[in-house]
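Coordinate inspection notes
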Amino acid sequence: MTSSQRIASAPPDAEPPLISLAGLTRRFGDRLAVDDVSFSVGRGEVVGLVGPNGAGKTTAMRMVAGFLPPSAGRAAIAGIDVVERPVAAQARLGYLPEGAPAWGEMTPEGLLRFVAAAHGLTGAARRRRLDGAVALTGLDAVRRQRIDTLSKGYRRRVALAAALVHDPPALILDEPTDGLDPAQRQLVRRTIRGLADDKAVIVSTHALDEVTAVCDRVVVLAAGRLVADDRPEVLAARVGGGSLEAAFLALTGAGGPAPGRRHRSGA
Amino acid sequence: MSAPARRKTRYSRRPVAAAGPGARIGRAAVALRAWARPIGAVVGRELASYLATPLAAVFIVVFLLASAVATFELGRFFERGRADLEPFFRFHPWLYLWLAPAFAMRLWAEDRRVGTIELLLTLPIGPARAVIGKFLAAWLMAAVALALTVPLWLTVAWLGDPDHGVIAAGYLASLLLAGAYLAIGTAASAATRSQVIAFIAAFAVALALTAPGSTPVVGLIAPWVPDRLVTLLGWFSLEARFAAMVRGVVDPRDGLFLISVIVYFLSLAGLLVARTAHR
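Let us look at the structure shown here. (Residues numbered from 1 in each chain as written. Chains lettered and ligands numbered in written order. Predicted model: local features only at pLDDT ≥ 70, side-chain atom pairs only at ≥ 80, totals over all residues. Heavy atoms only, no water.)

Attention shifts here to the overall build of chain B. The helix and strand inventory of chain B stands at 15 helices and zero strands. For chain B, the spread of C-alpha atoms along the three principal axes comes to 90 × 50 × 45 Å. Classification of the 279 residues of chain B by burial places 46% in the buried group. Long-range contacts, defined as pairs at least 24 residues apart, comprise 76% of the intrachain contacts of chain B with a sequence gap of at least 6. Element-wise, carbon and sulfur atoms account for 71% of the exposed surface of chain B, whose accessible area totals about 14,300 Å². (Helix = DSSP H or I, 4+ residues; strand = E, 2+ residues; numbered from the N terminus. Buried < 20%, exposed > 50% of the residue type's maximum accessible area, 1.4 Å probe, protein only. Contact = heavy atoms within 4.5 Å. Areas by Shrake-Rupley, 256 points an atom, 1.4 Å probe, with all protein chains shown as cover.)

Written as structure tokens, this is what we have:
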């Protein structure tokens, strides 16, 4: 399946975007961590968020998840403003924070039960969703083991399962494949791709091959600013001479021209 | 004929169901339950953590040992030959003063350090309910510790003829007192990622709200300071308020003081979590 087919199957005008950022800005003292970033993600779309370390990826995602208040601009989940109605917005979002934090003394089962309960799920519905999330992320073998005894790969999948357990329409995953071995990476990518049919997904990553593998669109941040928002192959062709890596380096100023060059596709 | 009749019943039924104080209370109860449900989830998670680690068990054992030493050694429980629990309760402020900050110090600081605070606060709960849930779980542990001292009550009842009303009031007062110190500890823990700083800050605040107006300190300073100052210090001392309640002096203001300390420090904790969680 090619990216253009995926986009064709999900017309952007069918409904308001499930995730939207408009002029989103965050200041830490004098430093602008995120500077006037705007883009949106519709149902059926996977958007890869890339950029060098410190480009503002995590800060931007934290604002959309309602963890960090923006200095300016707005973020919305399914049209619900994250600052004005945080609980309603968060109910529709699955969020994997950076580093996949989890309570080490709990079991994956216990953690997922808590997250599901926090989302208002009880009884048989909770059981069903929990089993579904465990199966989807391949946690069956360890579901009753303490999380602090699990390998890094399993821990990341626990946090991923926690983001999925309430079957949210919008997903924000901060480096879901970081620290995984190639086989686990493959599994998580396939999981994300499978979810994308009826969800809007933002995935941040350092692995550009991942962008090509799972993302319909790529948003490039450099020094807090959005410098590109396009389909990966288009971006590679226009800026990188066919290579996404070359495009990335050129756009983010890492060994290429200075940042600030804005590239957007007409579509 | 049947159609107007049906309409009539519909009209007559609707106002009864929609208005009236009973319906309003019913709706409020439903809304309150929906609001409180996530708190239950947070309490459950905290309790699961307490069961998975020896933390709570250690604190309960330390509390039981320390209160036993205080009651029998310092309080001369048997020697005084009176059937009451005054020597047991008398030391509770001085136990909670350091045990509660130690127990509460991890509540938020640990989540900040590990990063689970980001997981917790991006669930559709909001900081207020997260603070309340964590606090209630800790308070429940204090209730368990207190409940384990009930054999002492039974002993007194077997040895003599105590005033059970006063003892029951003493237990209630002690539970409120534990809540007040835990609320102080919660606020301190919400302010930092360092458990050591959380402990020291909570201990300092707890000491300031305990010692100045407390019975032993007042006994020491009373000859040298004006009476009005002693009264003033007593108002703001958890120990002085608690001592009055344990003696069986029923003054709702003492209970209200403890409750307002809980509400004040939990509000502060909520504010700290909401404003500074991401730092």
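After that view, the rundown keeps rolling.
On the side of chain A, 24 residues touch chain B, which itself brings 23 residues to the contact. Summed over both sides, the interface between chain B and chain A buries roughly 2,300 Å², with carbon and sulfur atoms accounting for 70% of that surface. Sorting the residues of chain B by area buried against chain A places Glu118, Pro124 and His278 of chain B first, and these three jointly supply 29% of that buried surface. There are two salt bridges connecting chain B and chain A. Measuring nitrogen to oxygen at the nearest pair gives 3.0 Å for the salt bridge that ties Arg62 of chain A to Glu118 of chain B. The interface formed by chain B and chain A contains seven residue pairs in polar contact (both at pLDDT 80 or more). It is helix α7 (residues 116-121) of chain B that provides the largest number of residues to the side of chain B that touches chain A, a total of six residues. (Buried area = accessible area lost by both parts, 1.4 Å probe. Salt bridge = Lys/Arg side-chain N within 4 Å of Asp/Glu carboxyl O. Polar contact = N/O pair within 3.5 Å; in protein donor to acceptor, adjacent residues only side chain to side chain.)

Right, let's get into helix α9 (residues 150-159) of chain B. For an α-helix, 3.6 residues make a turn, and residues three or four places apart therefore share a direction. Residue and element names in this part refer to chain B. Those residues of α9 that fall on the buried side of the exposure criterion are Leu152, Trp153 and Val156. Mapping the buried residues of α9 onto a view down its axis gives an arc of 100°, with all of them on the same face. Relative to its buried face, α9 has exposed residues pointing more than 90 degrees away, namely Leu154 and Trp158. Here the buried face of α9 lies against α3 (55-74), α4 (86-89) and α10 (164-190). (Arc of directions from axis to C-beta.)

In this section: the sheet that holds strand β4 (residues 72-77) of chain A. Residue and element names in this part refer to chain A. Reading across from one edge, β2-β1-β4-β5 is the order of the four strands in this open sheet, with antiparallel pairing throughout. Whereas interior strands pair on both sides, the edge strands pair on one side only; in this sheet they are β2 (31-41) and β5 (80-81). Bridge count for strand β1 (residues 19-28) against β2 is seven bridges, and the pairing is antiparallel. Each residue of the ladder has a partner; that of Leu24, found in β2, is Val37. Contacting β1, β2 and β4, helix α2 (residues 57-64) crosses the sheet at an angle of about 120° to β1. (Pairing = 2+ DSSP bridges. Axes fitted to C-alpha atoms, helices over the stretch in contact; angles between N-to-C directions.)

Right, let's get into the nonpolar core. Ranked by internal contacts, the top residues of the largest apolar core, which has 96 residues, are Leu111 and Phe114 of chain A together with Leu85, Trp108, Tyr181, Leu182 and Leu238 of chain B. Once you skip the residues sitting within four places of it in the chain, Leu111 of chain A turns out to touch Ala102, Trp103, Met106, Ile147, Val158 and Ala162 of chain A together with Leu119 of chain B. Membership of the second largest hydrophobic core comes to 34 residues, among which are Ala100, Leu164, Val188 and Ala228 of chain A. (Core = buried A, V, L, I, M, F, W, Y, C linked by side-chain atoms within 4.5 Å.)

A cluster of nonpolar side chains, contributed by Leu229, Leu232, Trp235 and Phe236 of chain B, occupies part of the molecular surface with about 410 Å² of accessible area. Note that Trp235 of chain B resides in helix α13 (residues 227-235). (Patch = residues over 30% accessible without salt bridge, like charges linked within 9 Å, V, L, I, M, F, W, Y side chains within 5 Å.)

What follows concerns empty space enclosed by the protein. In this approach a probe as big as a water molecule rolls over the atoms, and the regions it shows empty are the leftover space. Considering all chains together, one arrives at three cavities of 30 Å³ or more under this definition. Considering only enclosed or pocket space, the largest cavity measures out at about 200 Å³ in volume. Lining the largest cavity we find 15 residues, and of these Phe59, Phe63, Phe103, Ala142 and Ala145 of chain B sit closest to its centre. Contributing elements (two or more residues each) for the lining of the largest cavity: α3, α5 (92-104), α8 (127-147) and α10 of chain B. Broken down by element, the residue count for the lining of the largest cavity peaks at five residues, all from α8 of chain B. Residue composition of the lining of the largest cavity, by class: 15 nonpolar, no polar and no charged. Every residue along the wall of the second largest cavity is listed here: Leu93, Gly94, Tyr95, Val115, His119, Ala162, Ala163 and His166 of chain A together with Leu119, Thr122 and Leu123 of chain B. Of the residues belonging to the lining of the second largest cavity, the class tally is seven nonpolar, four polar and no charged. (1 Å grid on protein atoms, 1.4 Å probe; cavity = no way out; pocket = protein on both sides within 12 Å on 5 of 7 lines; lining within 4 Å. Points joined across faces, edges and corners; volume = space filled by probe spheres on them. Nonpolar A, V, L, I, M, F, W, Y, C, P; charged D, E, K, R; others polar.)

All names here are of chain A. The backbone phi angle of Asp167 is positive, close to 55°, even though this residue is not glycine. The residue Asp167 is located in the loop between α6 (152-164) and β7 (170-174) in this model. Judged by relative accessible area, Asp167 falls into the partly exposed class, the value being 42%. One non-glycine residue, Glu175, adopts positive backbone phi at about 50°.

All right, on to the pattern of salt bridges then. Close approach of charged atoms allows side chains with opposite charge to pair. All names here are of chain A. Going through the model one piece at a time under the given rule, you end up with 30 salt bridges over all chains. Measuring nitrogen to oxygen at the nearest pair gives 3.4 Å for the salt bridge that ties Asp81 to Arg74. Using a relative accessible area of 9% as the deciding quantity, one classes Asp81 as buried. A network of salt bridges, in which partner residues are shared, links Glu109, Arg113, Arg127, Asp131, Asp140, Arg143 and Arg144.

Moving on: the packing of aromatic side chains. Per the stated rule, a full pass over the model turns up twelve aromatic pairs over all chains. Ring geometry for Tyr96 of chain B versus Tyr181 of chain B: centroids 6.4 Å apart, planes at 50°, classification tilted. With Tyr96 of chain B in helix α5 and Tyr181 of chain B in helix α10, the pair connects residues that are 85 residues apart, well separated along the chain. Each member of the pair Tyr96 of chain B and Tyr181 of chain B is classed as buried. Between Arg45 of chain B and the ring centre of Trp103 of chain A, over which it is positioned, the NZ or CZ distance is 4.0 Å. Of note, Lys134 of chain B hangs over the ring of Trp108 of chain B, and the distance from its end group to the ring centre comes to 4.9 Å. (Phe/Tyr/Trp six-rings, centres within 6.5 Å; stacked < 30°, edge-to-face > 60°. Lys NZ or Arg CZ within 6 Å of the ring centre and 35° of its normal.)

Residues and elements named next belong to chain A. Across its 15 residues, helix α5 (residues 123-137) extends 22 Å between first and last C-alpha, which sits within 8% of the 21 Å expected from 1.5 Å per residue. Among the residues of α5, Leu130, Ala133, Val134 and Thr137 are the ones counted as buried. The buried residues of α5 occupy one face: seen down the axis, they fall within an arc of 100°. Residues of α5 that are exposed and point more than 90 degrees away from the buried face comprise Ala124, Arg128 and Ala135. Where α5 is buried, its residues contact α4 (108-118), α6 and α7 (182-195). (Expected span 1.5 Å × (residues − 1).)

These results come straight from atomic positions and should not be treated as a statement about function.
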